[in-house]
Amino acid sequence: MPLDSKVPGGPLAEKWDRHRFELKLVNPANKRKFDIIVVGTGLAGGSASASLAELGYNVKTFCIQDSPRRAHSIAAQGGINASKNYTNEGDSIWRLFYDTIKGGDFRAREANVYRLAQISNNIIDQCVAQGIPFARDYGGLLANRSFGGAQVARTFYARGQTGQQLLLGAYSALMRQVAAGKVQMYPRREMLDLVVKNGQARGIVVRNLVSGEIERHAAHAVVLCTGGYGNVFFLSTNAMASNVSANYKCYKKGAFFANPCFTQIHPTCIPVHGTYQSKLTLMSESLRNDGRVWVPRNPGDKRSPGRIPEAERDYFLERKYPSFGNLVPRDVASRNTKEQCDEGKGVGETGLAVYLDLADAIRRDGKDAVAKKYGNLFQMYEKITGEDPYETPMMIFPAVHYTMGGLWVDYNLMSTIDGLFVLGEANFSDHGANRLGASALMQGLADGYFVIPYTIGGYLAGRSFSEVNADHQVFKDTARQAQERLRKLLSINGQRTVDDFHRQLGLIMWDYCGMTRNNQGLKKAGTMIQQLREEFWENVAVPGTDKDFNQSLERAGRVADFMEFAELMIVDTLDRQESCGGHFNEAYQTEENEAKRDDENYGHVSTWEYTGRDKDPDFHKEPLIFENVELTTRSYK
Ligand SMILES: Cc1cc2nc3c(=O)[nH]c(=O)nc-3n(C[C@H](O)[C@H](O)[C@H](O)COP(=O)(O)OP(=O)(O)OC[C@H]3O[C@@H](n4cnc5c(N)ncnc54)[C@H](O)[C@@H]3O)c2cc1C
């Protein structure tokens, strides 16, 4: 099937304006005739629901959590990018576009990334109008700090709680529409499947997580904002409920999955400290503004950090990348950290950590100034590790953090299923093979506040819709299949817990499909996952019933999907015989151990089409055409 990205013609800077003009409109009186389902209430789903309801559509919004404002987005710490250039450092829409496309190792669509950079400034205006308490400088202008992969400070922030503040803004806008009767809010609901009728997405089937009831909901379009799939690795910085299920169910219904192998490993997380740990904690990239990353110069040096003199320390990022220093992009910082640990220079009990040291900043600016910027992060670190980072450097190690892959979408954010739109981390669209820090919040809000309000109108105005309601047979069949799957999970009565399977799956993925990959390991992992999946369906223990609140059952469904999805990740990883961004195949590296791209053979988006149980997926590609930037080898030296 040819993939039509629907990128409009004309000069890059004019595409979005022109497209908005050319898109068909739904007149205000007709908007109330359309029902739209939004799944997810993170920054993408919250902003989309509020904006669509404000326009006059009837919106039904669903989320797993008890309150929409508990979506994973609330955990975002460091900030959100925009090219306001308040500081006169030379930022511009073009520079933000270029940094993002280069940061993604030239594996994203030019037109989408440019639009993102254009919209970035509107987001900040909208959020300020909502009352988001961004940090300000002494003159009252919004303050900026630096994030990786950029030489200008363009990250807007609210201490280390930017996601929380932005989500409260989106949540307020959403609840305003709930009060106005334009959004019906369904918390504690999990989407179990998509309903497709005549090739159009026409609704969803959900489970009420409190009563266990299976519900059917119909609409004219479905907007999926269900976040990323990092928890396929079991341990990640994602919220515990983050999952791939909604995306995966849509994949099985015909939505193509794009670049599932593109995973981001974040360099600065609190290292794993025990076998039974279920969650990892991020230490925001913002700390690398002032923090210096180092290891002892000599392998095996076990002295405490304070006893290692300057001359015997290796600030390896500053040494290797003098231009960007500690602010190289995440993939580069993560791989270098692993390299240091592999050479025996890792610190801490396990040797799987490096120091992130703010001592120079504390000496230079004083403890109060540092506490103002990073106080809550320091507090979090101390609570988890028992060590005071004002006194001793933090220990950090890379961890799974974000997924650049997702459902394939065209320029309108529509998937390969008509009427199924995908926003935020759930789509593949803007970050290529590596996302730059502070760009996920920007993308989620761009999609929700500024893109979908236009593009969904173009879809609704241009289509005819058959009369379908939730009592239609297609809804009943989908609901029955979802219920049967739950009963099957409950009937197995095996010996191993869901978490036990999930942990094992995560270890396989981390060992063979993590920070570095090789073909032999990937093939081995494919077989191991298949065996694990078979065992899961014979030996998983899911207590309780489906007629009640049952978190084991919820998790079992999600882990079952992760298992199938992990196999797809392996297929995609093996298919991409190059290294780019966060995808590092050991066979493809430069003499300096950097990722070696193959633009001729892999300068495309890889997408996969589901063909049936235990069958290989079909491959389709969207060639990436670069008309405005020159493809270069990424260098941060
Ligand atoms: C610790 C941490 C810090 C971060 N800091 C930053 C930062 O500083 N800057 C930045 O740009 N990015 C940051 N990120 C990344 C960023 O937070 C996420 O990419 C972004 O918030 C994702 O938003 P989203 O709306 O796409 O999805 P989410 O916020 O993940 O929301 C997903 C929603 O979908 C719902 N959902 C999922 N599945 C189902 C289902 N089957 N049925 C019903 N509902 C479902 C959930 O309930 C939830 O409401 C950070 C990430 C982490 C983990």
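It should be noted that the structure appears before, not after, this text.
In this report, the structure presented in the accompanying data block is examined.

What follows is about the pattern of salt bridges. Applying the stated criterion across every chain yields a total of 51 salt bridges. The partner of Asp 301 in a salt bridge is Arg 303, and the shortest N-O contact between them spans 2.8 Å. Judged by its relative accessible area of 13%, Asp 301 falls in the buried class. For Arg 303, a relative accessible area of 34% translates into the label partly exposed. Residue Arg 555 pairs with Asp 499 through a salt bridge whose shortest N-O separation is 3.5 Å. Here Asp 499 lies in helix 14 (residues 498-513) and Arg 555 lies in helix 16 (residues 551-575), a separation of 56 residues in the sequence.

What follows is about the sheet that holds strand 11 (residues 263-269). Strands pair in a sheet through their backbones, by hydrogen bonds, and they do so in one of two ways: parallel or antiparallel. Taken in spatial order, the five strands of this open sheet run 11-15-14-12-13, and their pairing is antiparallel. For this open sheet the edge positions go to strand 11 and strand 13 (313-314), each flanked by a neighbour on one side alone. Two strands pair when backbone bridges link them, and strand 14 (residues 354-357) and strand 15 (residues 394-403) are joined in this way by three bridges, in the antiparallel orientation. Looking at strand 15, one finds that Leu 356 is bridged to Met 394. Of the strands in this sheet, strand 11, strand 12 (292-296), strand 13, strand 14 and strand 15 touch helix 9 (residues 330-342), which is tilted by about 65° from strand 11.

A separate point is the nonpolar core. Within the largest apolar cluster, 143 residues are counted, with the highest numbers of intra-cluster contacts made by Ile 80, Val 232, Leu 420, Ile 456, Leu 460 and Met 509. Non-local contacts of Met 509, meaning those with residues more than four positions away in its chain, are made with Val 232, Phe 233, Gly 514, Ile 529, Ala 566, Met 569 and Ile 570. Judged by nonpolar contacts, the second largest core, of 28 residues, contains Met 283, Ala 333, Leu 358 and Tyr 390.

The next thing to look at is the environment of Met 395. Of note, Met 395 is situated in strand 15. Spatially, the C-alpha atom of Met 395 lies 29 Å from that of Gly 521, the residues being 126 residues apart in sequence. Apart from the residues lying within four places of it in its own chain, the contact partners of Met 395 are Cys 269, Ile 270, Pro 271, Val 347, Gly 348, Ala 353, Val 354, Tyr 355, Tyr 381 and Glu 387.

A separate point is the packing of helix 14 against helix 16. Angle between the axes and distance between the axes are the two parameters that describe a pair of packed helices. Running from N to C, helix 14 and helix 16 point in directions that differ by 20°, and their axes come no closer than 10 Å. Accordingly, the angle class assigned to the pair helix 14 and helix 16 is roughly parallel. In this structure, helix 14 meets helix 16 at a crossing whose hand is left-handed. Of helix 16, the residues touching helix 14 (which contributes Val 498, Asp 499, Phe 501, His 502, Leu 505, Met 509 and Cys 513) are Ser 552, Arg 555, Ala 556, Val 559, Phe 562, Met 563, Ala 566, Met 569, Ile 570 and Thr 573.

Its place among the elements puts Gln 340 in helix 9. For Gln 340, a relative accessible area of 2% puts it in the buried group. Excluding residues within four positions of it along the chain, Gln 340 makes contact with Val 295, Asp 314, Phe 316, Arg 319, Lys 345 and Gly 346.

Looking now at the environment of Ala 173. Topologically, Ala 173 is positioned in helix 6 (residues 162-179). Sequence spacing of Ala 173 and Glu 54 is 119 residues, and the spatial spacing of their C-alpha atoms is 9.0 Å. Residue contacts for Ala 173: discarding those within four places in its chain leaves Ala 50 and Gln 130.

A full pass over the atoms with the stated rule returns 27 aromatic pairs. Aromatic side chains Trp 294 and Tyr 315 sit 6.3 Å apart centroid to centroid with 45° between the ring planes, which places their arrangement in the tilted category. Remark: Tyr 315 occurs in the loop between strand 13 and helix 8 (316-320) and Trp 294 occurs in strand 12; sequence separation between them is 21 residues. For the pair Trp 294 and Tyr 315, a shared accessibility class is recorded, and that class is buried. With centroids separated by 5.9 Å and ring planes inclined at 75°, the aromatic side chains of Tyr 459 and Phe 465 adopt a geometry described as edge-to-face. Grouping residues by exposure puts Tyr 459 and Phe 465 together as buried. Linked through ring pairs, Tyr 229, Tyr 248, Tyr 251, Phe 257, Phe 565 and Tyr 610 together constitute an aromatic cluster. Taking NZ or CZ as reference, Arg 292 lies 3.8 Å from the ring centre of Tyr 315, over its face.

Basis of the calculations
Residues numbered from 1 in each chain as written. Predicted model: local features only at pLDDT ≥ 70, side-chain atom pairs only at ≥ 80, totals over all residues. Heavy atoms only, no water. Salt bridge = Lys/Arg side-chain N within 4 Å of Asp/Glu carboxyl O. Buried < 20%, exposed > 50% of the residue type's maximum accessible area, 1.4 Å probe, protein only. Helix = DSSP H or I, 4+ residues; strand = E, 2+ residues; numbered from the N terminus. Pairing = 2+ DSSP bridges. Contact = heavy atoms within 4.5 Å. Axes fitted to C-alpha atoms, helices over the stretch in contact; angles between N-to-C directions. Core = buried A, V, L, I, M, F, W, Y, C linked by side-chain atoms within 4.5 Å. Parallel < 35°, antiparallel > 145°, perpendicular 65-115°, else oblique. Left-handed = near helix turned anticlockwise from the far one by under 90°. Phe/Tyr/Trp six-rings, centres within 6.5 Å; stacked < 30°, edge-to-face > 60°. Lys NZ or Arg CZ within 6 Å of the ring centre and 35° of its normal.

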